[in-house]
Amino acid sequence: MKVVGARLPRYDGVGHVTGRTTYVDDVRMPGMLHAAALRSPHHHARITGLDVSAAEAMTGVHAVITHADVPLLVYGHLSGAGIPGDEPLLAKDHVRYRGQPVALVAADTVEAARAACAAIEVGYEELPALFDVRLAFEDDAPVVNDTFGNWYNQYEGNLDVRQIRKGDTEAAFDAADLVVSGVYRTQSQEQAPLETQVCVAVPEPDGRLTVHTCTQAMYFSLGVVCSHLQMPMSEIKMVGGTVGGGFGGKVDTASDSLTALAAQKSGRPVKWRWTREEEMLASGNRGPWHMEIIDAVSRDGWILGRKMLTIHDAGAYGRFSVYGLTKHSFHHTGAYSIPNLHFDGYVVFTNRIPTTAMRGYGVTGLSTAIELHAERVARELGMDPYEFRLKNANRVNDTSPNRIAYEDPSTVEVLQSLASATGAELSDELRTMTRDQRTGDMLPEHLTAQVGSGGGH
Amino acid sequence: MTSTATAGAAAVSAPTSEAEAVAAVTQQPNATVLAGGTLLVPQHNLGHAEIERVVWLGRAGMSAIVRSNGSITVGAATPLAKCAGLPAPAGPCAARIGDNEVNAQATIGGNVCSPAPYGDMRGPLLALGAQLHWADADGKHTGGVTDFVAAGGSRPGVLLLDVAFAVPAAGSFVALRRHHTQSLCALAVSAVRGGDGAVAIAATGAAPDACRLHAAEAVLAGGGAIAEAAAAAAADADPYDDALASAAYRRRVLPVYVARALEQIGE
Amino acid sequence: MDLTVNSVARTVQSPPLASLLTVLREELDITSPKAGCESGSCGACTVLIDGEPRRSCLTAVCAVDGAEVTTVEGLGTPEDLSRVQQAFIHHYAAQCGFCTDGLVVAATAYVSAGGSADTAAISDALAGHYCRCTGYVKIIEAVAAVARGDEFDIAATASSANNTYVTIAGAGS
């Protein structure tokens, strides 16, 4: 083993400590223009007019891009997975969130580009905005999303809801000594990489484009740019890999397509770097989750069944939210083994910034809810929370909500380490528990049917 | 003046004395004062500030701390880091504003001119009964922090010259913040016992602007205990919600901090 | 206006209210100070002005006319790394690297001023610097190691200036 356990240098370490690493904002091109975006000042409005002629006539302005300049205006991040696109690259008839880009200006300087943005005339007719996912289902709720309405409605073709059904949940609740319910809500969070969204696009003499990108997902972003521009992949060269932090926030390909269009239209290299304010106000963030958990529990501390309702606030457009919710549904028992499940989940649209990946997409807020709920159940049972958790902890060959047998579950070791680190006393039985497949006292009747046979589905 | 440069819309002058600075600020229309720059330059960077004319104080002096006859005068352009050695509550407050880099660059005058959530120094200076000296087109003025704010001290055309206060018999500063640029102060309490034994208490973050806590002071003057004074602090407070703290939290913490500040000055 | 930047005399033409960050990056093409927030909050643009760490984004260039400015490029080179730079490599204190330029500058000022290896003192000195990757532990370890006078074995790392990629057969499949 030359590598595992060895002390290896970072290949980029010397560049990082000497200021030599070239990030996208450090790329300089002869004749490079600078871009600025005109963004929606409203959470929700109909666009009644858009006039860029004054901006185009200004000194130093080389290109103004609007919806009319985008070859494929509406595209979806999960189009490749068969989920329809819903988000226009630039707003056309409506703005659905504050900060939504309406136009992009490329000019000699950032100041000139900002001044030109201010000269663009947009007519808005403000509409009522929807911010609370719980109100999205009301008959008189404002309609947010052109493609789907107020929630995604095409699971398995035509379902409104992401469902998981496993075991016999009604029987589990009939058998329960105790039913414990809780509602948990997490807030949105900005990934806040130190490098804001940034792109340099360069038109090449042969008609191709070179795009210096801060993306976290090079080939995905290449597909996004090629789709928006309706160009073959052979015509666009993406240069990247040096990213000043992403944490999920650089998957959306937030700046590449528009910068490429501006470079194409102006015939000049264009740089678009978002300000920190834009990053905070308009870049995709981790979305809020509304989670309701009801557990059927036996007096001796087993979770017999779980009913769960999740409403994910996707913001104004879908992006990856359907994927995020599906992952959420697969993890909705968390670190614990529960054989009987009834899960319903909705992706709901609101007039907030569209949400996206951030470290444990769909699962981080869920873990908060699950662990708070575990604590609540243990308290209601009057049981030591460690004992309650270890008893129900995932073991080898227990199966997940989507019926995958766990090969390497770490719950037992993590809890034992936590107890040891915090000085919590565990009984001998709990201290020596292993992750091995359930037997004896740890394999009660209700879990026998859900233990898998190893690696299978 | 040594230099005047014009670029874009903003002209910058660099007066080399306080008198030149007063003339530059008060005799030109729309003159914005640039001292440390920690608040003004970001506004300029992000294109938020329409700045026509700038008077930079970096060569004007105005950054001395003079002690004489039991009183201290601090030039408005004195960096906060240099104010850290002032007696409490002024020194401890100055030391805790921003991180090291910002603390070394930002000035006491710029801080006093900035409303909440900045303006941390207004609290200590209120408690110390500081006298501020400033100049505008009508001449020179003297008054307390409240007078300066009421006179619109941070508007273009006004130049804060210095702040002066008597060295207190005892002083204390208790604040809710951590040492980081981002960690703006949600609530702070300053307490001062003067040479005559009277106690003055002031807070920032308890109301939209810095305020004296007169009711709490009156309890002490009447011989009341710290706990009674702390309970009375709410009378002068006007707690509000912002990104740093809720009104309810401010209401709850204020009496705790008043009590701590008073304990520290040995009441 | 005249500046000395990394020991080289430069004359700059930018407007007087332009930030030093903008002047360094856009006029002088010195790109190590990063525009992370342009409002003094993140620390990524930190440079030495007459030896003191300052936010270049908060500093109007007119305020540093005649000053000596040092960026991380001026502290050491790949062939001749400073001790702080060596420590950041040795302790893996740089991850994405975007905050590193500012942190190396601030850490250099800290140890030059005789700062101790005390972790509380180091974290206080670096309080104005955001790092979103490391959780700060490795950064503080690196600075403490310099303050302690540790020796750094970076013979292996020096050759990495040639971008020697480390590949692990079968990893990530």
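Parameters at a glance
Here the residue numbering is sequential within each chain, running from 1 through the sequence in written order. In the order they appear in the text, chains get letters beginning with A and ligands get numbers beginning with 1. Where local features are concerned, this predicted model is filtered to residues with pLDDT of at least 70; where side-chain atom pairs are given and counted, the filter is 80 or more; whole-chain, interface and lining totals use all residues. Runs of H or I in DSSP of at least four residues are treated as helices and runs of E of at least two as strands, each being numbered from the N terminus. Around each residue's C-beta, the other C-beta atoms within 10 Å are counted; 20 or more make the residue buried, 12 or fewer make it exposed, and counts in between make it partly exposed. All C-beta atoms are placed from the backbone. Note on contacts: each residue gets a C-beta atom placed from the backbone, and two residues are in contact if those atoms are within 7 Å. Under the scheme applied here, ten amino acids are nonpolar (Ala, Val, Leu, Ile, Met, Phe, Trp, Tyr, Cys and Pro), four are charged (Asp, Glu, Lys and Arg), and all others, including Gly, are polar. Whether two strands pair comes down to DSSP finding at least two bridges between them. Working convention: axes come from line fits to C-alpha atoms, limited for helices to the stretch in contact. Angles between N-to-C directions cover 0 to 180 degrees. Angular relationships are summarised with four words: roughly parallel below 35 degrees, roughly antiparallel beyond 145, roughly perpendicular across 65 to 115, and oblique for the angles in between. Crossing handedness is defined as follows: a turn of the near helix away from the far one that is anticlockwise and smaller than a right angle gives a left-handed crossing, while the clockwise case is right-handed. Source of the domain bounds: an automatic or database domain assignment. The arc in question is formed by the directions pointing from the helix axis toward the C-beta atoms. Each nonpolar core reported here comprises buried Ala, Val, Leu, Ile, Met, Phe, Trp, Tyr and Cys residues connected via C-beta atoms within 7 Å. You can read pLDDT as the predictor saying how much it trusts each residue, on a scale of 0 to 100.

Participant: Describe the overall build of chain C, naming the residues involved and giving the relevant values.
Facilitator: Along the backbone of chain C there are six helices and five strands. Counting helices and strands in the order they occur from the N terminus, chain C gives β-β-α-β-β-β-α-α-α-α-α. Buried residues in chain C amount to 61% of all 173 residues. Nonlocal contacts in chain C, meaning residues at least 24 apart in sequence, comprise 61% of its contacts between residues at least 6 apart.

Participant: For the overall build of chain A, give the residues involved together with the corresponding values.
Facilitator: When you go through chain A residue by residue, the secondary structure sums to 13 helices and 17 strands. Viewed in the frame of its principal axes, chain A has a C-alpha envelope of about 80 × 65 × 35 Å. Within chain A, residue pairs in contact and separated by at least 24 positions form 78% of the contacts whose partners lie at least 6 positions apart.

Participant: I'd love a proper account of the interface of chain A and chain C, names of residues and values included.
Facilitator: Contact residues are listed per partner, giving 28 residues for chain A and 42 residues for chain C. Counting residues per element, the side of chain A that touches chain C draws most heavily on helix α1 (residues 13-17) of chain A, at four residues. Each residue belonging to the side of chain A that touches chain C can be placed in one class, and the counts come to 12 nonpolar, eight polar and eight charged.

Participant: Run through the pairing of strand β6 (residues 71-75) of chain B, naming residues and quoting values.
Facilitator: In the case of a regular strand, side chains alternate between the two sheet surfaces. All names here are of chain B. Where strand β5 (residues 65-68) lies against β6, four bridges are found, and the strand directions are antiparallel. Note on β6: the bridge partner recorded for R67 is I72. Looking at chain direction, β6 and strand β9 (residues 159-166) are connected through five bridges and run antiparallel. Paired with T73 across the two strands is A164, which belongs to β9.

Participant: Account for the packing of helix α10 (residues 385-392) of chain A against helix α11 (residues 411-422) of chain A, with residues named and values stated.
Facilitator: All names here are of chain A. Between α10 and α11, the shortest axis-to-axis distance is 9 Å and the interhelical angle comes to 165°. With respect to α11, the element α10 is oriented roughly antiparallel. The two elements α10 and α11 meet at a crossing, and its hand is left-handed. On α11, the residues touching Y386, R389 and L390 of α10 are V412, L415 and A419.

Participant: Lay out the packing of helix α9 (residues 364-381) of chain A against α10(A) with the relevant residues and their values.
Facilitator: Residues and elements named next belong to chain A. At their nearest, the axes of α9 and α10 sit 9 Å apart, and the two run at 115° to each other. Handedness of the α9/α10 crossing: right-handed. For the pair α9 and α10, contact is made by A374, E375, V377, A378 and L381 and by P385, F388 and R389, respectively.

Participant: Go over the domain arrangement of chain C with me, naming the residues and quoting the values.
Facilitator: Residues and elements named next belong to chain C. Domain assignment breaks chain C into domain 1 (2-74) and domain 2 (83-155). Using C-alpha coordinates to define each centre, domain 1 is positioned 21 Å away from domain 2. Contacts between domain 1 and domain 2 engage 14 residues on the former and 11 residues on the latter. Those elements that provide at least two residues to the side of domain 1 that touches domain 2 are β3 (46-49) and β4 (52-55). Tallying contributions element by element places β3 first for the side of domain 1 that touches domain 2, with three residues. Residues of the side of domain 1 that touches domain 2, tallied by class, amount to eight nonpolar, four polar and two charged.

Participant: So, the domain arrangement of chain A: which residues are in play, and what are the values?
Facilitator: Residue and element names in this part refer to chain A. Assigned domains of chain A: these are domain 1 (23-127 + 191-282) and domain 2 (162-189 + 285-448). Computed over C-alpha atoms, the centres of domain 1 and domain 2 are 40 Å apart. Domain 1 puts 18 residues into the contact, and the matching count from domain 2 is 18 residues. Class assignment of the residues belonging to the side of domain 1 that touches domain 2 gives a composition of six nonpolar, eight polar and four charged.

Participant: Account for the sheet that holds strand β13 (residues 211-212) of chain B, with residues named and values stated.
Facilitator: All names here are of chain B. With antiparallel pairing, four strands are arranged side by side in an open sheet as β10-β11-β12-β13. Of all strands in the sheet, those with a lone pairing partner are β10 (170-175) and β13, marking the two edges. Summarising the sheet, strand β12 (residues 199-204) and β13 pair through two bridges and their orientation is antiparallel. Within β13, the position partnered with A203 by the bridge is C211.

Participant: Pulling in residues and values, what's your account of the sheet that holds β5(B)?
Facilitator: All names here are of chain B. Pairing is antiparallel in the open sheet, where five strands are placed in the order β5-β6-β9-β7-β8. Since the sheet does not close on itself, it has two edges, and those belong to β5 and β8 (139-143), each with one partner. The average angle at which neighbouring strand axes cross in this sheet is 20°, direction not considered. Packing against the sheet, helix α1 (residues 18-27) makes contact with β7 (131-136) and β9, and its axis sits at approximately 130° to β9.

Participant: Summarise helix α6 (residues 256-266) of chain A; cite the residues concerned and give the values.
Facilitator: Residue and element names in this part refer to chain A. Buried residues dominate α6, accounting for nine of its 11 residues. Looking at α6, one finds that the buried residues are D256, S257, L258, T259, A260, L261, A262, A263 and S266. Positive backbone phi, at 70°, marks G267, one or two positions downstream of α6.

Participant: Account for unusual backbone geometry, with residues named and values stated.
Facilitator: Residue and element names in this part refer to chain B. Geometrically, the link from A88 to P89 is a cis peptide bond, its omega value of 5° lying close to zero. In this fold, P89 is placed in the loop between α3 (80-83) and α4 (90-95). Looking along the chain, the bond that leaves A116 and enters P117 is cis, with omega of 5°. Counting through the fold element by element, P117 comes out in the loop between α6 (108-112) and α7 (122-127).

Participant: Talk me through the environment of A374(A); I want residue IDs and the actual numbers.
Facilitator: Residues and elements named next belong to chain A. Considering the arrangement of structural elements, one finds A374 in helix α9. Taking the number of C-beta atoms within 10 Å as the measure of exposure, A374 has 21 and is therefore buried. Separated by 76 residues in the primary sequence, A374 and S298 place their C-alpha atoms 14 Å from one another. Those residues in contact with A374 that sit more than four places away from it in its chain are P385, F388 and R389.

Participant: Describe α1(B), and please don't skip the residues or the numbers.
Facilitator: Residue and element names in this part refer to chain B. Looking only at α1, the buried set comprises A21, V22, A24 and V25. The buried residues of α1 all sit within an arc of 170° when viewed along its axis, so they share a single face. Of the exposed residues in α1, the ones pointing more than 90 degrees away from its buried face are A19 and Q27. Elements that come into contact with the buried residues of α1 comprise β2 (10-13), β3 (31-34), β4 (53-56), β7 and β9.

Participant: Explain the nonpolar core to me, and be specific about the residues and the numbers.
Facilitator: A general trend in soluble globular proteins is that nonpolar side chains are found buried together. Core analysis: the largest hydrophobic core is formed by 208 residues, its most contacted members being V105(A), I201(B), V258(B) and V143(C). Each residue touching V105(A), except ones within four places of it in the same chain, is listed here: A35(A), A36(A), A55(A), V61(A), V64(A), A113(A), A116(A) and C117(A). Grouped together as the second largest cluster of nonpolar side chains are 27 residues, I338(A), L366(A), A369(A) and I370(A) included.

Participant: Please provide a residue-by-residue account of the environment of A49(B), values included.
Facilitator: All names here are of chain B. Positionally, A49 belongs in the loop between α2 (40-45) and β4. A sequence separation of 128 residues divides A49 from R177, and the C-alpha atoms of the two residues are 28 Å apart. Not counting residues within four places of it along the chain, the set of residues in contact with A49 comprises L40, Q43 and H44.

Participant: Give a detailed account of the confidence of the model for chain C, specifying residues and quantitative values.
Facilitator: Residue and element names in this part refer to chain C. Mean pLDDT over chain C works out to 90, with 89% of the residues at or above the 70 mark. Confidence over residues 157-173 falls short of pLDDT 50; this stretch has 19 contacts with residues more than four positions distant or in other chains. Two numbers describe this predicted complex: its pTM, 0.92, and its ipTM, 0.91.

Participant: Quick one: what's the story with the environment of W134(B), residue by residue and with numbers?
Facilitator: All names here are of chain B. Counting through the fold element by element, W134 comes out in strand β7. Among the residues examined, W134 registers 25 C-beta atoms within 10 Å and is labelled buried. For the pair formed by W134 and A94, sequence separation is 40 residues and the distance between their alpha carbons is 20 Å. Not counting residues within four places of it along the chain, the set of residues in contact with W134 comprises H141, F148, G153, V158, L159, L160 and L161.

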